[in-house]
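# Notes for the structure review
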Amino acid sequence: MLAECMRAHGGFDHNRQSLRVVELLENPYPNFPGLNLTFEVLEGLRKHRAFYEMPKAVRPSRLRGEEGKPEARPTLEKYHCPSLEAQISDLADEITYYSHDLDDAVDFEILSAAQLEENEVWRRSHRAVISRYAGTREPELHKLIIRDIIDVQVRDVITTSARSIADAGVQSADEVRQQSVPLICYSDDLFQANRALRKFLYQNVYYHPRVADVNRRACEMLRKVFEAYLVDPDRLGEAATKRIEAEGLHRTVCDYIAGMTDRYLMEEYTRIAL
């Protein structure tokens, strides 16, 4: 919804917004904006990029070799893979996202037992749990299945990534960045199973009528609050309104709403609606 509200004003992307928060919106220091984070941390926040770019300030062009002589080092300008730490964070986020969505869908009875058995990831862990803990019943059963799904994913990533790193023979962070594909990865088998899981969740959970209704109401709240702030920017408070001249009204409103908790948004919507 924020992307729609900002379509004619620079757009909105939640990963780029994370960077705005730490590079601009948080101001704990008097002499410069942002949190003064390292390049590596900022690189990790730039998720899902077609390519990354290393600022000149962190591109040392020469290092000392083993005998103390200057040693040429390739300078990275544009590259496809971030650090190993950033790659780990990205996959960990994905594992958590899908497993917890499955958990919620079972808790709220959006998915039936028959539907779940259609999915390979769930089916494998269901059988593994039953074989280890015979006689287990709900609600403990599906919690154990979710735990097993996460465990299987993590073990697979550790094993596959260790092999991938060894095969690539990388010896430095820059050599990791020079790879054409990420070194932190699933096995081919689990990669295909996770693609099927993603498709399964879109078909059966994310567009389920109960979920769609909640999303529709949430989007309506966002739109109403956004429009109310455009009409009356004083609602934003003094700290935010100071940025309007430099950032523009729409971007300032977008920043403010993007930083809200769910509860605060609902409270603001109630105040505006009244």
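Up top is the structure.
So, here is what we can say about the structure in this document. The model shown is predicted, which means the values in this text are computed figures rather than measured ones. (Residues numbered from 1 in each chain as written. Predicted model: local features only at pLDDT ≥ 70, side-chain atom pairs only at ≥ 80, totals over all residues. Heavy atoms only, no water.)

Turning our eyes to something else, we now look at the overall build of the protein. Summing up its helical and strand segments, the protein has 14 helices and four strands in all. The C-alpha atoms of the protein give 23 Å as radius of gyration, which overshoots the globular expectation for 274 residues (19 Å, by more than 25%). C-alpha extents for the protein along the principal axes are approximately 75 × 65 × 30 Å. Of all 274 residues assigned to the protein, the portion counted as buried reaches 33%. The contacts in the protein between residues at least 6 apart in sequence include a share of 62% that link residues at least 24 apart. (Helix = DSSP H or I, 4+ residues; strand = E, 2+ residues; numbered from the N terminus. Rg over C-alpha atoms; globule rule 2.2 N^0.38 Å. Buried < 20%, exposed > 50% of the residue type's maximum accessible area, 1.4 Å probe, protein only. Contact = heavy atoms within 4.5 Å.)

The next subject is the nonpolar core. One finds Leu102, Leu111, Trp122, Ile149, Leu197 and Leu201 to be the most contacted residues of the largest nonpolar core, which totals 27 residues. Elements supplying a minimum of two residues to this core: α4 (84–107), α6 (120–132), α7 (140–168) and α9 (188–206). If sequence neighbours within four positions are ignored, Leu111 has contacts with Leu102, Ala105, Leu116, Phe200, Asn204 and Val205. In terms of nonpolar packing, the next biggest core, distinct from the first, is built from 15 residues, Leu222, Leu236, Cys254 and Ile257 among them. (Core = buried A, V, L, I, M, F, W, Y, C linked by side-chain atoms within 4.5 Å.)

Moving on: the environment of Val176. Along the chain, the position of Val176 falls in helix α8 (residues 173–177). The class for Val176 is buried, based on a relative accessible area of 4%. For the pair Val176 and Phe191, spaced 15 residues apart in sequence, the C-alpha to C-alpha distance is 21 Å. Apart from the residues lying within four places of it in its own chain, the contact partners of Val176 are Cys81, Pro82, Ser83, Leu84, Gln87, Val170 and Leu183.

This brings us to the layout of surface pockets. If you add up the space inside the second largest pocket, you get close to 430 Å³. Lining the second largest pocket are 21 residues, with Tyr256, Ile257, Ala258, Gly259 and Met260 sitting closest to its centre. Of all the elements in the fold, those that place two or more residues in the lining of the second largest pocket are α2 (14–25), α11 (238–241), α13 (249–258) and α14 (262–273). With five residues, α2 is the largest single contributor of residues to the lining of the second largest pocket. Residues belonging to the lining of the second largest pocket are distributed by class as follows: 12 nonpolar, five polar and four charged. (1 Å grid on protein atoms, 1.4 Å probe; cavity = no way out; pocket = protein on both sides within 12 Å on 5 of 7 lines; lining within 4 Å. Points joined across faces, edges and corners; volume = space filled by probe spheres on them. Nonpolar A, V, L, I, M, F, W, Y, C, P; charged D, E, K, R; others polar.)

On to α6, then. Spanning 13 residues, α6 covers 19 Å between terminal C-alpha atoms, matching the ideal 18 Å at 1.5 Å per step. Those residues of α6 lying buried are Val121, Trp122, Ser125 and Val129. Taken around the axis of α6, the buried residues stretch over an arc of 90 degrees, which confines them to a single face. Exposed residues lying more than 90 degrees from the buried face of α6 are Arg127 and Ser131. Of the surrounding elements, those touching the buried residues of α6 are α4, α5 (113–116), α7 and α9. (Expected span 1.5 Å × (residues − 1). Arc of directions from axis to C-beta.)

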